[in-house]
Each structure stands twice: as structure tokens, then as C-alpha cells.
Amino acid sequence: MAGALRDSGIEVIYMGATSDVVALCCAAIQEDADAVVLVLSDVSDERAQALSGLKTFQSCGNVPDIPLLGVGSFKQSGPPAGLRAVFPPDRVPDALIEWIKKEARSER
């Protein structure tokens with residue numbers, strides 16, 4: 001997915017699966033991100049529940065202006081709160097690229 005985003009002209013900064021919310025906030029602010037994308041495919045309900053704490057992300061510094069997007073499938077509980085948009089794995093990367101180019105950049 002990162003390759004497809006880069007090929008479309010979107011800068012990608014990979015933070016890794018173990019990055020915490022504070023590190024993500026700092027990187028998003030420092031890099032003046034148009035959007036933050038969390039890849040959440042094959043997550044369990046417990047993982048999705050833990051990610052619902054991402055309101056912390058939105059309360060960090062200048063981050064509230066940066067849309068938080070998710071890519072993945074979710075069990076019965078649905079996607080975590082706080083995500084501006086969620087893209088099922090079968091709609092990535094085209095729908096994600098289109099959303100970032102159209103929505104994220106126009107919001108800022």
C-alpha cells in the first residue's frame with residue numbers, strides 16, 4: 001500500500017506497528033501530514049477496542065486538523081471511534097488515494 005501511495009505522489013512516512021499515539025502525534029505535526037492512515041486489517045475486537053482510545057491523537061497539539069483514516073476489516077464492534085473514514089481492504093489503495101487527494105488536502 002505504501003508503494004501505491006508513493007506512486008500517486010503522496011508522501012509516506014512509515015511509523016511501524018508498535019508506534020504509540022504520542023510518537024504518531026509528533027510525527028504528524030513535524031511532517032505537516034495531510035492525513036494519518038492506520039492499517040488495521042485482520043485486527044481482533046480487542047485491538048479495535050484499544051484503538052478507540054485514539055481520541056488522544058486528536059487532542060495532541062495541532063493534530064485535530066489532520067484526518068485520521070483506517071484501512072481494515074472490523075468484527076462486530078465496528079471501526080474505532082475517531083476515524084474520519086474507513087476503507088475496507090478490497091477498496092485500497094484506489095479509494096484511499098482518491099480520498100486523500102480530494103478530501104484531506106482540501107480540508108487543510
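The model shown is predicted, which means the values in this text are computed figures rather than measured ones.

### Concerning unusual backbone geometry
For Asp-32, which is not glycine, the phi torsion reads 50° and is therefore positive. Among the secondary structure elements, Asp-32 is positioned in the loop between α2 (21-30) and β1 (36-39).

### Considering the confidence of the model for the chain
Of all residues in the chain, 66% have pLDDT values of 70 or greater, and the mean over the chain is 75. The secondary-structure element of the chain with the lowest mean pLDDT is helix α3 (residues 45-51), recorded at 53, while helix α1 (residues 2-7) shows the highest, at 88.

### Comments concerning the nonpolar core
If you look at the biggest cluster of nonpolar residues, it comprises 14 residues, and the most contacted ones within it are Leu-5, Leu-69, Phe-87, Leu-96, Trp-99 and Ile-100. For this core, the secondary structure elements donating two or more residues are β2 (68-71), β3 (85-87) and α5 (94-107). Counting residues per element, this core draws most heavily on α5, at six residues. Apart from residues lying up to four places away in sequence, Phe-87 is in contact with Leu-69, Gly-70, Val-71, Gly-72, Val-92, Ala-95, Leu-96 and Trp-99.

### Focus: the sheet that holds β2
Strand order across the open sheet formed by three strands is β1-β2-β3, with parallel pairing between neighbours. The sheet is open, and its two edges are formed by β1 and β3, each paired on a single side. The mean angle between the axes of side-by-side strands here comes to 25°, regardless of whether they run parallel or antiparallel. As paired elements, β1 and β2 share four bridges and run parallel to each other. By the bridge assignment for β2, Val-39 is matched with Val-71.

### Regarding the environment of Pro-67
The topology assignment puts Pro-67 in the loop between α4 (55-58) and β2. Residues Pro-67 and Ile-100, spaced 33 residues apart in sequence, show a C-alpha to C-alpha distance of 9.1 Å.

### Concerning the environment of Met-1
Within the secondary structure, Met-1 is located in the segment before α1. Counting along the chain gives 11 residues from Met-1 to Val-12, while the straight-line C-alpha distance between them is 9.9 Å. In this structure Met-1 touches Val-39, Val-71, Val-92 and Leu-96, once residues within four positions along its chain are discounted.

The rules behind the values
- Residues numbered from 1 in each chain as written.
- Predicted model: local features only at pLDDT ≥ 70, side-chain atom pairs only at ≥ 80, totals over all residues.
- Heavy atoms only, no water.
- Helix = DSSP H or I, 4+ residues; strand = E, 2+ residues; numbered from the N terminus.
- pLDDT = per-residue confidence, 0-100.
- Core = buried A, V, L, I, M, F, W, Y, C linked by side-chain atoms within 4.5 Å.
- Buried < 20%, exposed > 50% of the residue type's maximum accessible area, 1.4 Å probe, protein only.
- Contact = heavy atoms within 4.5 Å.
- Pairing = 2+ DSSP bridges.
- Axes fitted to C-alpha atoms, helices over the stretch in contact; angles between N-to-C directions.

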